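# Coordinate inspection notes
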Amino acid sequence: MDALKSMLSPLGVGSANAIQDTLKLVVIGGTVETARRASAGAWHTFLDSFFLTAHFSQEDYPYDWLMHWLSKQPAWGRSREFEITTRTVGRNGLTQSTTGDLDEEDEDEDEDALVHGRRKRKVAFMPSIDTTHTIYYRGHWLRITRTKRYPDYGHGSALKIRPVFLTSVPSTYLSPCSVIARNNDILKKLVLEAKREYEKDAEHRVHIFMADTTYGCWRWNGARQKRPMSSIVLQPGVKDMLLADCKDFLCSEDWYAERGIPFRRGYLLHGVPGSGKTSLIHSLAGELGLDIYVVSLSSKGMSDNTLTTLMGHVPSRCILLLEDLDAAFTRSVSRDASSTGAPTASNTTSTTTETNDGSTLSLSGLLNSLDGVAAAEGRLLFATTNHIERLDPALSRPGRMDVWVNFTHATKWQAEGIFKCFFPSKPAGATTASPSEESSEDVDSSQKNLPLPKRKAPSHTIPVLNETEISELAKRFADAIPENELSVAALQGYLLKNKVRPRECVDEVAQWVIEERETREKLKKEKAEVCMIQYLRDLC
């Protein structure tokens, strides 16, 4: 201090005292601020030692579990700040209703009734974004906040929600999940309980994921009701063979590992259009409890690197579907039987701009993504094609496509089975049973895992005939259907038009077959004329 006074003495005593006081204030202020920050940091560290933190991202399954669990909590429906919406189905495909939803006053009224051709909309109350809610769970208070995701990408949802976080103090930053506890058992119990409830409610649905070539990831596309295997009518033994083979593969991971064989299985479904290839895959997914991941190889932006990335992100237990494999490298090409699978010379130059849509997928890239070093294992690969002769032998060889199933036009046996699927029957001599009695009767094993209908009464009356009469009608229907001439889709379309007229359906089927033949001949003639006109133009 004496040295400092001697240095400031030439400036004057008054100014020296002012500078000294200033330096004292700076030192004292800095000391106090340092102490404040250190104490605040120590206090927050002390508090954080009593909290557990987790993160729930929208791109992962735990987010869906938590959101579905929260929708059933009373506190979630008693929010004082909410959004009013008519949304009935959530991102996970399940109906997410909260305790605060607005119901109709007339409870006896059928909720599935149509008003002016539309189904009644239910008004839902959803907690707003950035609103904190307190929930008591197993002796712990949880504060839940739903926040908005700022990197706004993906398919057109109005809200991009990333995390749900549970905190015991208000928080203004993104995605912490905290609870007052000394161990993480409470969070484990919460997640496991939410998972069990979600899986129980999602038991009757098949989730569909589509390939997003822009970001190289999978996007949830919807949830479909499971389809019973009994609704798929194929040649005898085909369904049982496929189902048994899939089940055997899914439980043979150790067997594959012991022998050094890649744990992959491929199925090639080939045949005429409208023969039930995609429907069979949907039914198998529901029976096996697997999700379906769909890849469109001809989509815009598809490349070798994108496909490899997508294949690497496929879960180990799922169905990977490649539809119309023969058209993967022949965009804008006809799929009829006369087409060779390649653009003609006359329109090659005119369609160069149209086909150049940014897809650079090559055959070698497809082969490497299916069974290369980085290819996913544990998945069931299903590929469909209408023209197996157009596929490269390297693509359809065993190891990539292990099981081949041929789908043809409908046979008489299939026609009889489809007719029985459309029209219910009761045993001969049995009286009409009430819905509760009918539900207790034995049903097909493939239908036991399907939810019961919620409708109180059908909108149209379907006559329930006895088993003997249905068998006779089905036999007459099958006799009127030509062998291997009409597609299964055509038969289904005809039966849909007559779903409440089983007797009239059989009486009119012969005339319908004649009309179908005439329509096909007319379309064939028109197509031939178009081809002739195009040929003459090329000559000119």
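The structure under discussion appears in the preceding block.
In this report, we go over the structure that sits alongside the text.

Cut-off values and rules
- Residues numbered from 1 in each chain as written.
- Predicted model: local features only at pLDDT ≥ 70, side-chain atom pairs only at ≥ 80, totals over all residues.
- Heavy atoms only, no water.
- Helix = DSSP H or I, 4+ residues; strand = E, 2+ residues; numbered from the N terminus.
- Buried < 20%, exposed > 50% of the residue type's maximum accessible area, 1.4 Å probe, protein only.
- Contact = heavy atoms within 4.5 Å.
- Areas by Shrake-Rupley, 256 points an atom, 1.4 Å probe, with all protein chains shown as cover.
- Arc of directions from axis to C-beta.
- Axes fitted to C-alpha atoms, helices over the stretch in contact; angles between N-to-C directions.
- Parallel < 35°, antiparallel > 145°, perpendicular 65-115°, else oblique.
- Nonpolar A, V, L, I, M, F, W, Y, C, P; charged D, E, K, R; others polar.
- Phe/Tyr/Trp six-rings, centres within 6.5 Å; stacked < 30°, edge-to-face > 60°.
- Pairing = 2+ DSSP bridges.
- Core = buried A, V, L, I, M, F, W, Y, C linked by side-chain atoms within 4.5 Å.
- Patch = residues over 30% accessible without salt bridge, like charges linked within 9 Å, V, L, I, M, F, W, Y side chains within 5 Å.
- Salt bridge = Lys/Arg side-chain N within 4 Å of Asp/Glu carboxyl O.
- Left-handed = near helix turned anticlockwise from the far one by under 90°.
- Polar contact = N/O pair within 3.5 Å; in protein donor to acceptor, adjacent residues only side chain to side chain.

Further remarks concern the overall build of the protein. Within the protein one finds 17 helices and 18 strands. Among the 540 residues that make up the protein, the fraction classed as buried is 37%. Restricting to contacts in the protein with at least 6 residues of sequence separation, those with at least 24 account for 74%. As displayed, the protein offers around 31400 Å² of accessible surface, 54% of which is attributable to carbon and sulfur atoms.

On to helix H9 (residues 304-312). Of all the residues in H9, the buried ones are Thr306, Leu307, Leu310 and Met311. Viewed end-on, H9 has its buried residues packed into an arc of 130°, placing them on one side of the element. Here the buried face of H9 lies against strand S10 (205-212), strand S11 (217-225), strand S13 (291-295), strand S14 (318-322) and helix H11 (363-371).

Glancing now at the environment of Arg138. Note that Arg138 resides in the loop between strand S6 (132-137) and strand S7 (140-146). Sequence-distant contacts of Arg138, defined by excluding residues within four places in its chain, comprise Ile186, Lys189 and Glu193.

Okay, the packing of helix H15 (residues 467-480) against helix H17 (residues 502-539) next. Helix-helix packing is characterised by the crossing angle of the two axes and by the distance between the axes. Running from N to C, H15 and H17 point in directions that differ by 5°, and their axes come no closer than 9 Å. Accordingly, the angle class assigned to the pair H15 and H17 is roughly parallel. Residues Glu469, Leu473, Arg476, Phe477 and Ala480 of H15 form the contact with H17, whose own contacting residues are Pro502, Arg503, Cys505, Val506, Asp507, Val509 and Val513. Grouping the amino acids of the contact of H15 with H17 by side-chain chemistry returns 8 nonpolar, no polar and 4 charged.

The description of an aromatic ring pair rests on the distance of the ring centres and on the angle between the ring planes. Under the defined criterion, the tally for this structure stands at 12 aromatic pairs. Both rings, one in Trp69 and one in Tyr137, keep their centres 5.5 Å apart while their planes meet at 90°; by these two values the pair is edge-to-face. Placement of the pair is Trp69 in helix H3 (residues 61-70) and Tyr137 in strand S6, with a sequence separation of 68 residues. No difference in accessibility class separates Trp69 from Tyr137, as the two residues are buried.

For the rest of this paragraph, the subject is the sheet that holds strand S16 (residues 403-407). Sheet strands pair via backbone hydrogen bonds, and the direction of the pair is either parallel or antiparallel. Here 7 strands make up an open sheet; going across it, the order is S11-S10-S13-S14-S15-S12-S16 and the pairing mixed. Of all strands in the sheet, those bounded by a partner on one side alone are S11 and S16. On average, each strand axis in the sheet is tilted by 25° relative to the strand beside it, whichever way the strands run. The pairing of strand S12 (residues 265-271) with strand S15 (residues 380-385) spans 6 bridges and is parallel.

Below, the discussion takes up the nonpolar core. Grouped together as the largest cluster of nonpolar side chains are 30 residues, with contacts concentrated most on Leu280, Ile292, Ile319, Leu380 and Phe382. For this core, the secondary-structure elements that each account for two or more residues are S10, helix H6 (238-250), S12, helix H8 (277-288), S13, S14, S15 and S16. With residues up to four places along the chain from it excluded, the contact list for Phe382 reads Cys246, Tyr267, Leu269, Ile281, Leu284, Ile319, Leu320, Leu321 and Leu322. In terms of nonpolar packing, the next biggest core, distinct from the first, is built from 26 residues, Phe209, Val295, Ala376 and Leu395 among them.

This next bit is on a nonpolar patch on the surface. On the surface, a cluster of nonpolar side chains totalling about 440 Å² of accessible area is made up of Met532, Tyr535, Leu536 and Leu539. Checked against the element boundaries, Leu536 lands in helix H17.

Let us look at H11. All buried positions along H11 are accounted for by Gly365, Leu366, Leu367, Ser369 and Leu370. The inward-facing, buried residues of H11 contact H9, S14, S15 and helix H12 (393-396).

Look at Asp324: it is not a glycine, yet its phi comes out positive at around 50°. Unlike most non-glycine residues, Asn484 shows phi in positive territory, near 55°. One can find Asn484 in the loop between H15 and helix H16 (488-497).

With that out of the way, let us pick up the packing of helix H13 (residues 412-422) against H16. At a closest axis distance of 11 Å, the pairing of H13 and H16 adopts a crossing angle of 35°. Crossing geometry of H13 relative to H16 is assigned as right-handed. Of H16, the residues touching H13 (which contributes Gln414, Ala415, Ile418, Phe419 and Phe422) are Val488, Leu491, Gln492, Leu495 and Leu496.

Where burial is concerned, most of S15 is hidden: 6 out of the 6 residues are buried. Side chains of S15 alternate between two faces, with Leu380, Phe382 and Thr384 and Leu381, Ala383 and Thr385 buried alike. Relative to S15, S14 runs parallel, the two sharing 4 bridges. Bridge pairing in S15 links Leu322 to Ala383.

Turning our eyes to something else, we now look at the pattern of salt bridges. Counted by the stated rule, this structure contains 15 salt bridges. In this structure, Glu377 engages Arg264 in a salt bridge whose closest nitrogen and oxygen atoms are separated by 3.8 Å. Here Glu377, found in the loop between H11 and S15, pairs with Arg264, found in the loop between helix H7 (253-258) and S12; they are 113 residues apart in sequence, far enough to count as distant. Taking relative accessible area as the criterion, Glu377 reaches 42% and is therefore assigned partly exposed.

A few words now on the side chain of Thr385. In this structure, Thr385 sits in strand S15. A polar side-chain atom of Thr385 sits 3.2 Å from the main-chain amide nitrogen of His387.

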